[in-house]
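Spelled out from the first residue to the last, the chains are:
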Amino acid sequence: MSEHRWAFGSTPAAWRLAPGTRRNKFPRHIVGYPPAPEEWLTSAPLPSPTLGRLLPYQREGVLRAANAEAHLFAWACGAGKTLGALAIAANHARTLVITRAHTKWQWAGQAHQWVPGLQATVLSSRDPVPPTGDLAVINWEVLPHWVDVIQAWNPTLVVFDEIHKAKAWKRKSGVINPHTLEKEYHWLENQSAAAARITRGAQQRLGLTATPVPKDLMDLWSPLDLLEPDCWGTSWDFAMRYCAAKPGYEGRGLDTSGKSNVAELQHRLAGVSHFVTKKMVAQYMPPRRVEVVFVPEECQVRPASFKADIKAAAKYGKHSLFNVMVMEAASRKRSWVEDLVEEQAPQGKNVVVLTGRHREVETIGDNLRKRLTCPVYSSHGGVDTPEQRVKLLEKYNETGGVFIGTLDAFGEAGDYFKETDVGIFAMLPYTPKDLIQGVGRFGRLGGRAATVYLPVAEATVDERINERLLQRLAAAGEVTDDEELLGLSRAFEGSESDEDILKNLLDTWEIPT
């Protein structure tokens, strides 16, 4: 290898080439890099006013990343990766966030909440138009259609949310030029290739993930290559050096399930990553956190076979029709719910989904069994007796995994949900009593910390429920234990009774035509 001049940044082990030099596949001096001074964390400039709101581990990660060209936040789920990224984005004129489809609007909402003045734009169409504002949020699925427009916009910071999703190693294809007889390489039209093209023009790059190594060490190559282009060699180089690669079964492909040069890899990762474990997060997390999230129309699916139900309910009055329309809104959120469960369950989290119709329970259960390896239980009052439902709940508590049921049958499951990490109310409770009792089933005394999601399907009856109930729930803040659940009920004191609120919902709700 030829000699190179290395210029070290203020972040530990942040290898940077001096101007005018080429980068080797692997730096020569991997072990024994100059350590950062101990006063680095305290002397680094504060990225934004948001920094003062961060927890200690968030603050440390932000300070490390703020002075590096590239960094990876490998933080446990619920550790606040979004807030950490926004603290860095506050110092950039143009930030691009690449995330999953169902979290785009959450990014925009949190940007508005945590960084006042930051103008966020959600990019959705497959017909690109130039972004406006300081922060643009796009999902991985449509990214290939936006590459040229985004490159012209020239973001200074690129944030890769769920960066482990961009794991495709093949980004270019080679074709022999018939005139020169030389092989020419062209970018492929996949998500990883699109991300690789965009990342090369950014001044700073930040990766976010709760599962940096979903399967084996080879999963690290693609994220690291996005964050530090060409610093980690080709996928073949990485496999041979760090994965003890060998011919696969019967000589097919490469077996990259091994590991080699682990100390060297750990040393290099220490300079470009910040790890936060569940244990580190647990001491700061309240036992129960409630999140109201919005599901836009483009992330909804068409509800299945509700015409007959709506027609039948209309004969019994507005209350019955309203209840069916809440079930219809729950059906529209099915894809969003399945994606959220698929994101949470592989991290070892126990998840409960409560929806409306029996058919919806069966559909979600069948779909998740195809997508997950953990146990998936589903039950409803249509086929299971109360005793059978209790036995399934007990089995779920023993093995963990995912449990799907109807709100009417399992909304009062008591302590059976106290070992649950994530609760999802696909069908929203629409009276204060049902809402308070439903939320209170999670994060119970002696159980696990829990996050409860209340998804609101836009342009549906959910929006009326949000206006009358959920906004007050959000104002009540975080609920910590069963005694303090009374604090949530106080958010409704001095207002209407359950019957009055329900009557108001019905009186002001326009029956869809």
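Here the structure is a predicted model, which means the values were calculated and not measured.

K.L.:
How do you make sense of the overall build of the protein when you look at a structure like this?
P.N.:
Counting its regular elements, the protein contains 20 helices and 19 strands. Here the protein holds 513 residues, and the buried ones make up 50% of them. In the protein, the share of contacts with a sequence separation of at least 24, taken over all contacts with a separation of at least 6, comes to 68%. Surface exposure of the protein reaches about 24,100 Å², of which carbon and sulfur atoms provide 51%.

K.L.:
Explain the confidence of the model for the protein to me, please; I cannot follow it from the model alone.
P.N.:
Caution is warranted with low-pLDDT regions, since their predicted coordinates should not be read in detail. When pLDDT is averaged across the protein, the result is 77; 76% of the residues are at 70 or more. In this model residues 1–46 is a low-confidence stretch, pLDDT under 50, and it forms 88 contacts with partners more than four residues away in sequence or in other chains. Low pLDDT, under 50, characterises residues 475–496; the stretch is placed with 34 contacts to residues that sit more than four places away or in other chains.

K.L.:
Just checking my understanding: could you explain the pairing of strand E3 (residues 70–75) for this structure?
P.N.:
The buried count for E3 comes to 6 of 6 residues, which makes it a mostly enclosed element. Burial along E3 is two-sided: the residues Ala-70, Leu-72 and Ala-74 and His-71, Phe-73 and Trp-75 are all buried. Pairing of E3 with strand E10 (residues 204–209), which is carried by 5 bridges, proceeds in the parallel orientation. Its bridge partner being in E10, Phe-73 is matched across the sheet by Leu-208.

K.L.:
Honestly, the nonpolar core in this entry has me stumped. Any pointers?
P.N.:
When a protein is soluble and globular, its nonpolar side chains tend to lie buried together. Counting residues in hydrophobic clusters, the biggest one holds 33 residues, and the most contacted among them are Phe-403 and Phe-417. Only helix H12 (318–332), strand E15 (351–355), helix H15 (386–399), helix H16 (407–410), helix H17 (432–440), strand E19 (450–457) and helix H18 (462–476) provide two or more residues apiece to this core. Look past the residues within four positions of Phe-403 in its chain and what remains in contact with it is Val-351, Val-352, Val-353, Tyr-377, Ser-379, Leu-392, Leu-393, Tyr-396, Phe-410 and Phe-417. Counting residues in each nonpolar core, the second largest holds 27 residues, with Phe-73, Trp-75, Val-115 and Val-276 among its members.

K.L.:
In this structure, what is going on with the packing of aromatic side chains? I would like to understand it.
P.N.:
Both the distance between ring centres and the angle between the ring planes are used here to describe each pair of aromatic rings. This model, assessed by the stated rule, comprises 10 aromatic pairs. On the numbers, 6.3 Å between centres and 55 degrees between planes, the contact of Phe-403 with Phe-417 is tilted. With Phe-403 in strand E17 (residues 402–406) and Phe-417 in the loop between H16 and strand E18 (422–425), this residue pair connects regions lying 14 residues apart in the sequence. An identical accessibility class is assigned to Phe-403 and Phe-417; each is buried. Ring pairs connect the aromatic residues Tyr-396, Phe-403, Phe-417, Phe-425 and Phe-442, which therefore count as one cluster. A cation sits over an aromatic face here: Arg-268 above Trp-232, 3.8 Å from the ring centre.

K.L.:
How do you make sense of the pattern of salt bridges when you look at a structure like this?
P.N.:
Charged atoms that come close allow side chains of opposite charge to pair. All told, the structure shown has 16 salt bridges when counted by the stated rule. In this structure, Asp-462 and Lys-333 form a salt bridge, with 2.7 Å as the shortest nitrogen-oxygen distance. Remark: Lys-333 occurs in the loop between H12 and helix H13 (334–344) and Asp-462 occurs in helix H18; sequence separation between them is 129 residues. We note that Asp-462, like Lys-333, is buried.

K.L.:
Sorry if this is basic, but what is going on with the sheet that holds E17 here?
P.N.:
Two orientations exist for strands paired in a sheet by backbone hydrogen bonds: parallel and antiparallel. Taken in spatial order, the 6 strands of this open sheet run E14-E19-E18-E15-E17-E16, and their pairing is parallel. This sheet does not close on itself; its edge strands, each paired only once, are strand E14 (288–295) and strand E16 (376–378). Strand after strand, the sheet turns through a mean of 15 degrees between neighbouring axes, direction not considered. Most of the contacts of H13 go to E18, to which it runs at about 180 degrees, and overall it touches E14, E15, E17, E18 and E19. The strands touched by helix H14 (residues 358–371) are E15, E16 and E17; relative to E17, the strand with the most contacts, the crossing angle is about 165 degrees.

K.L.:
Sorry, what's going on with H12 here?
P.N.:
It helps to recall that an α-helix has 3.6 residues per turn; residues three or four apart then point in one direction. Over its 15 residues, H12 runs 21 Å from end to end, which matches the ideal 21 Å to within 8%, given 1.5 Å per residue. Burial in H12 covers these residues: Leu-321, Phe-322, Val-324, Met-325, Val-326, Glu-328, Ala-329, Ala-330 and Ser-331.

K.L.:
Quick question: what am I supposed to make of the side chain of Glu-338 here?
P.N.:
Within the secondary structure, Glu-338 is located in helix H13. Looking at Glu-338, the relative accessible area reads 6%, which means it is buried. Looking at Glu-338, its side chain comes within polar contact range of the side chain of Asn-367, at 2.8 Å. Not counting chain neighbours up to four residues away, the residues in contact with Glu-338 comprise Thr-363, Ile-364, Asn-367, Leu-368 and Arg-371.

K.L.:
Honestly, the sheet that holds strand E6 (residues 135–139) in this entry has me stumped. Any pointers?
P.N.:
Read from one edge to the other, the open sheet built from 7 strands follows the order E5-E6-E4-E7-E10-E3-E13, with strand pairing classed as parallel. Lying at the two open borders of the sheet, with one neighbouring strand each, are strand E5 (120–123) and strand E13 (273–276). Here the strands of the sheet are splayed against their neighbours by 15 degrees on average, with no regard to which way each runs. Here 4 bridges tie E3 to E13, and the two strands are oriented parallel to one another. Bridge pairing in E13 places Trp-75 opposite Val-276. This element, helix H5 (residues 143–153), spans strand E4 (95–99), E5 and E6 of the sheet and lies at about 160 degrees to E6.

K.L.:
Even after reading the chapter, I still don't get the side chain of Glu-360, so can you show me in this structure?
P.N.:
The topology assignment puts Glu-360 in helix H14. Since its relative accessible area comes to 4%, Glu-360 is described here as buried. Within the local environment of Glu-360, its side chain forms a polar contact with the side chain of Arg-334, the two groups lying 3.3 Å apart. Leave out the neighbours within four places in its chain, and Glu-360 touches Ser-331, Arg-334 and Thr-355.

The rules behind these values
Residues numbered from 1 in each chain as written. Predicted model: local features only at pLDDT ≥ 70, side-chain atom pairs only at ≥ 80, totals over all residues. Heavy atoms only, no water. Helix = DSSP H or I, 4+ residues; strand = E, 2+ residues; numbered from the N terminus. Buried < 20%, exposed > 50% of the residue type's maximum accessible area, 1.4 Å probe, protein only. Contact = heavy atoms within 4.5 Å. Areas by Shrake-Rupley, 256 points an atom, 1.4 Å probe, with all protein chains shown as cover. pLDDT = per-residue confidence, 0-100. Pairing = 2+ DSSP bridges. Core = buried A, V, L, I, M, F, W, Y, C linked by side-chain atoms within 4.5 Å. Phe/Tyr/Trp six-rings, centres within 6.5 Å; stacked < 30°, edge-to-face > 60°. Lys NZ or Arg CZ within 6 Å of the ring centre and 35° of its normal. Salt bridge = Lys/Arg side-chain N within 4 Å of Asp/Glu carboxyl O. Axes fitted to C-alpha atoms, helices over the stretch in contact; angles between N-to-C directions. Expected span 1.5 Å × (residues − 1). Polar contact = N/O pair within 3.5 Å; in protein donor to acceptor, adjacent residues only side chain to side chain.

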